[in-house]
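# A look at the structure
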Amino acid sequence: MKSLSHTLLKLALLKLASVAVLVVLGAAATAMAQNPRIQTSQLDALAAKASQTVDVNIDERLIQLTARFLSSKDRDEAKVKDLVNGLKGIYVKSFEFEAEGQYTEADLEGIRSQLRNTAWNKIVNVKSKKEGTVEVYLMQVGNQISGLAVLATDPKEITVVNIIGPVDLDKLTQLEGEFGIPELEIERSKPKRKN
Amino acid sequence: MNIDGDYLWDRTGEPDPEIQQLEETLGTLRSQPRPLEIPADLQTESRPGFFSGIAPRLAPRLAIAATIVIVLLGLGLWLGLQRLQRGQPPAVAPVANVPNTHAPAINPGSTPQRTPNENQHQVVTLPDSDQKHSDEPRRHRVNPPLLAANANRSLNQARKEVVKNPQLAINELQEGRAAKDQLMLALRVASAKLNFAQRKMQNTNPRDPVHNQHKIG
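On a predicted model such as this, the values are computed, not experimentally measured, just so you know. (Residues numbered from 1 in each chain as written. Chains lettered and ligands numbered in written order. Predicted model: local features only at pLDDT ≥ 70, side-chain atom pairs only at ≥ 80, totals over all residues.)

### What about the overall build of chain B?
Broken down by element type, chain B carries 7 helices and 1 strand. In chain B, the succession of α and β elements from N to C terminus is α-α-α-α-β-α-α-α. Each of the 217 residues in chain B was classed as buried or not, and the buried ones make up 16%. The contacts in chain B between residues at least 6 apart in sequence include a share of 45% that link residues at least 24 apart. (Helix = DSSP H or I, 4+ residues; strand = E, 2+ residues; numbered from the N terminus. Buried ≥ 20, exposed ≤ 12 C-beta atoms within 10 Å, placed from the backbone. Contact = placed C-beta atoms within 7 Å.)

Below you can see the structure in the form of structure tokens.
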């Protein structure tokens, strides 16, 4: 009788352990699937062909460090400080090429495959024969944005922007043209602020 | 077989012959406690100690000496860090007058050639010539005087920061300045791309926003 109860107890514990392992694995898989960080290392090989390369990797520590150098009294810097407050990472990788055909769709597949994850929602997809394609993706947890990804391509350029954390899209969009960030041919209805 | 009695439960009451017979039969299989018997020919492998290969007799002393050395090293490291932290203010103060080697070398009359790689995580390569800019009007152009003004402003603010906060380490200061430049570059690119997308969305068909819903996920 004792051995039977021991065996049953062992079986129950084994089942419990199996369920616990499955739960942990499931949680890990979910966490991996909802990680807003986009891996762009597969694009690094294009740097050799590019005439201009921008590779910015700012993690949370650097953002916090930078925030110390942004004055709250200065209006422009305060805007940037407010924008980056709470962000966990800003990653930009951009390649510009002298000629067309320096990259293929296969080079972008690694990025797109990550963005096809159900956690990402494509909110904007602009295609222009002359000016290329811009895809904007958002990852949300509840009502809060947890990640932003922008994949912009044209025949001579690839740009991947990945911002991790609760980014304010309106503030980010309005940032252009301020704080020494030149405005790029954007016709905005709002009047431009004079520096 | 009588299963209603208490004999089967706690061996009280009237014993059942069949149960007794079963007990006798199965009782032979009852566990018999016996002392642990270790075979005489069993060989055990003694795990060699860390120092036993070098000098078995000196092993305890060597272990003690190693512990003391590790503790002393840790103490020295801690004291060194403490001293470094105490010694920062006089080291930082004169640095404010040192030329900014980390800020991009910007000449208002020319486009910056190359931004130094100040952080392993941050690599920015700017174009090597001005020629390539002229044939691509859509590309973002850096305004050198504006950048120079920003760099000067950043430098002045950094100096003020040092005066205000003398504990700020010089390397942290430089890293912060570099990170700030990188942050602005990243935000500039992100903002430009989002604005481009926004502008394209607006220009596609501004009078029929419902028609454009297929472009919004």
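Now that the structure has been shown, we can carry on.
### Describing the overall build of chain A
Tallying secondary structure elements over chain A gives 5 helices and 6 strands in all. Element order for chain A, N to C, with α for helix and β for strand: α-β-α-α-β-α-β-β-β-β-α. Classification of the 195 residues of chain A by burial places 30% in the buried group. Taking the intrachain contacts of chain A between residues at least 6 apart in sequence as the baseline, contacts between residues at least 24 apart amount to 60%.

### Considerations on the nonpolar core
In this structure, Ile90(A), Val92(A), Val150(A), Ala186(B) and Ala190(B) are the most contacted members of the largest nonpolar core, which totals 53 residues. In contact with Ala186(B), other than residues within four places in its own chain, are Val56(A), Ile58(A), Ile90(A) and Val92(A). (Core = buried A, V, L, I, M, F, W, Y, C linked by C-beta atoms within 7 Å.)

### Topic: the pairing of strand β3 (residues 120-128) of chain A
All names here are of chain A. The sheet contact formed by β3 and strand β4 (residues 132-141) spans 8 bridges and is antiparallel. Along β4, the bridge assignment pairs Asn121 with Leu138. Where β3 folds back onto β4 in an antiparallel hairpin, the turn is made up of 3 residues. (Pairing = 2+ DSSP bridges.)

### A short note on the pairing of strand β5 (residues 144-154) of chain A
In summary, the side chains of a regular strand alternate between the two faces of the sheet. Residue and element names in this part refer to chain A. For β4 and β5, the ladder comprises 9 bridges, and the chain directions are antiparallel. In the strand pairing of β5, Leu138 is matched with Leu148. In this structure, the hairpin formed by β4 and β5 is closed by a connection of 2 residues, where Gly142 is found at a positive phi of approximately 70°. Across 8 bridges, the pairing between β5 and strand β6 (residues 157-164) is antiparallel. Each residue of the ladder has a partner; that of Gly147, found in β6, is Ile164. Linkage of β5 to β6, two consecutive antiparallel strands, is achieved through a turn of 2 residues.

### Re the confidence of the model for chain A
Low pLDDT means the predicted atomic positions in that stretch should not be read closely. With 78% of its residues at a pLDDT of 70 or more, chain A shows a mean pLDDT of 81. Across residues 179-195 of chain A, where pLDDT falls below 50, the model places 30 contacts with residues more than four positions away in sequence or in other chains. (pLDDT = per-residue confidence, 0-100.)

### Things to note about the confidence of the model for chain B
All names here are of chain B. Taken as a whole, chain B shows an average pLDDT of 65; of its residues, 47% reach a score of 70 or greater. Contacts for the low-pLDDT stretch residues 88-148, under 50 throughout, to residues beyond four places or in other chains number 79 contacts. Confidence drops under pLDDT 50 across residues 207-213; counting only partners more than four residues distant or on other chains, this segment forms 4 contacts. The complex model carries a pTM of 0.51, and its ipTM stands at 0.73.

### Re the environment of Asn121(A)
Residues and elements named next belong to chain A. Within the fold, Asn121 resides in strand β3. With 13 C-beta atoms counted inside 10 Å, the residue Asn121 sits in the partly exposed group. Spatially, the C-alpha atom of Asn121 lies 9.6 Å from that of Leu148, the residues being 27 residues apart in sequence.

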